[in-house]
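Descriptive structure summary
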Amino acid sequence: MEKEAGPTAAGVRLDDPWYEASAAGWDGADGAGGEAADGAPGPGEPPPAPSAAEIYLEVHRSEAFREVRRRYRRFVAPAALAFLLWYLAYVVAATTAPALMARPVAGAVNVAMVAGLGQFLTTFLLTWAYARHARLRRDRAALELRWETQEMTRGAAQPVTGGRGR
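Residues numbered from 1 in each chain as written. Predicted model: local features only at pLDDT ≥ 70, side-chain atom pairs only at ≥ 80, totals over all residues. Heavy atoms only, no water.

**A look at the overall build of the protein chain**
For the protein chain, the count of helices and strands is four helices and four strands. Reading the helices (α) and strands (β) of the protein chain from amino to carboxyl end gives β-β-α-α-α-β-β-α. Burial statistics for the protein chain: of 166 residues in total, 17% are counted as buried. Contacts in the protein chain between residues far apart in sequence, at least 24 positions, make up 66% of those at least 6 positions apart. Per element, the accessible surface of the protein chain, about 12,600 Å² overall, is 62% carbon and sulfur. (Helix = DSSP H or I, 4+ residues; strand = E, 2+ residues; numbered from the N terminus. Buried < 20%, exposed > 50% of the residue type's maximum accessible area, 1.4 Å probe, protein only. Contact = heavy atoms within 4.5 Å. Areas by Shrake-Rupley, 256 points an atom, 1.4 Å probe, with all protein chains shown as cover.)

**Considering the packing of helix H2 (residues 63-96) against helix H4 (residues 111-153)**
One can describe the packing of H2 onto H4 by two numbers: an axis separation of 10 Å at closest approach and a directional angle of 180 degrees. Taken together, the axes of H2 and H4 are roughly antiparallel relative to one another. (Axes fitted to C-alpha atoms, helices over the stretch in contact; angles between N-to-C directions. Parallel < 35°, antiparallel > 145°, perpendicular 65-115°, else oblique.)

**Let's talk about the packing of helix H1 (residues 52-61) against H4**
H4 packs onto H1 with a crossing angle of 150 degrees between their chain directions and a minimal axis gap of 10 Å. Regarding the angle of H1 to H4, the classification is roughly antiparallel. By crossing handedness, the relation of H1 to H4 is classed as right-handed. Contacts between H1 and H4 involve Ala52, Ile55, Tyr56 and Val59 from the former and Leu145, Thr149, Met152 and Thr153 from the latter. By residue class, the composition of the contact of H1 with H4 is six nonpolar, two polar and no charged. (Left-handed = near helix turned anticlockwise from the far one by under 90°. Nonpolar A, V, L, I, M, F, W, Y, C, P; charged D, E, K, R; others polar.)

**Remarks on the pattern of salt bridges**
For the structure shown, the criterion picks out five salt bridges. The salt bridge partner of Glu67 is Arg71, with a shortest N-O separation of 3.1 Å. In this pair, Glu67 and Arg71 both sit in helix H2, four residues apart, roughly one turn of the helix. Residue classification places Glu67 among the partly exposed positions, given a relative accessible area of 22%. Residues Arg154 and Glu151 are paired through a salt bridge, measuring 3.0 Å at the closest nitrogen-oxygen approach. The exposure class assigned to Arg154 is exposed, which follows from its relative accessible area of 62%. Residues joined in a network through salt bridges with shared partners are Glu63, Arg66, Glu67, Arg70 and Arg71. (Salt bridge = Lys/Arg side-chain N within 4 Å of Asp/Glu carboxyl O.)

**As for a nonpolar patch on the surface**
Taken together, the side chains of Val105, Val109, Met113 and Val114 present a nonpolar region at the surface, about 320 Å² in accessible area. Here Met113 lies in helix H4. Accessibility expressed as a relative area gives 45% for Met113, which makes it partly exposed. (Patch = residues over 30% accessible without salt bridge, like charges linked within 9 Å, V, L, I, M, F, W, Y side chains within 5 Å.)

Structure representation (structure tokens):
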């Protein structure tokens, strides 16, 4: 997305290919260019190339895209749940069991300090695990989908987005 500059700007220009094409008859087409009134090509003309929105919807429905999303959810949902439970356990223990949290571990370091530092350690470990999982399980498939989609949209008709073009 690119925001138009200036106080008289008409709004936001959408260049997002996932943005759905406008409803039939609302895209400003006046029927010129050999198209019939219903949007079909005129006699003797080749059918129009699919629009970028149609291509992205096709990719969105593809099995490869669903597999990338499935792999993402299989990692993120359990990891997020485990981390939230660990965090809530820390908060609940700090509020309901202050004697346990105040118990010294080594010198002035108590259980609450160790658990708090454990929160930071868990965050870094989870970030590392997420990046590793993405690199090994999803990035290659997602990149292949991206390249295939770019190849398909190279000659696709772009929807009217409004605003100024560059």
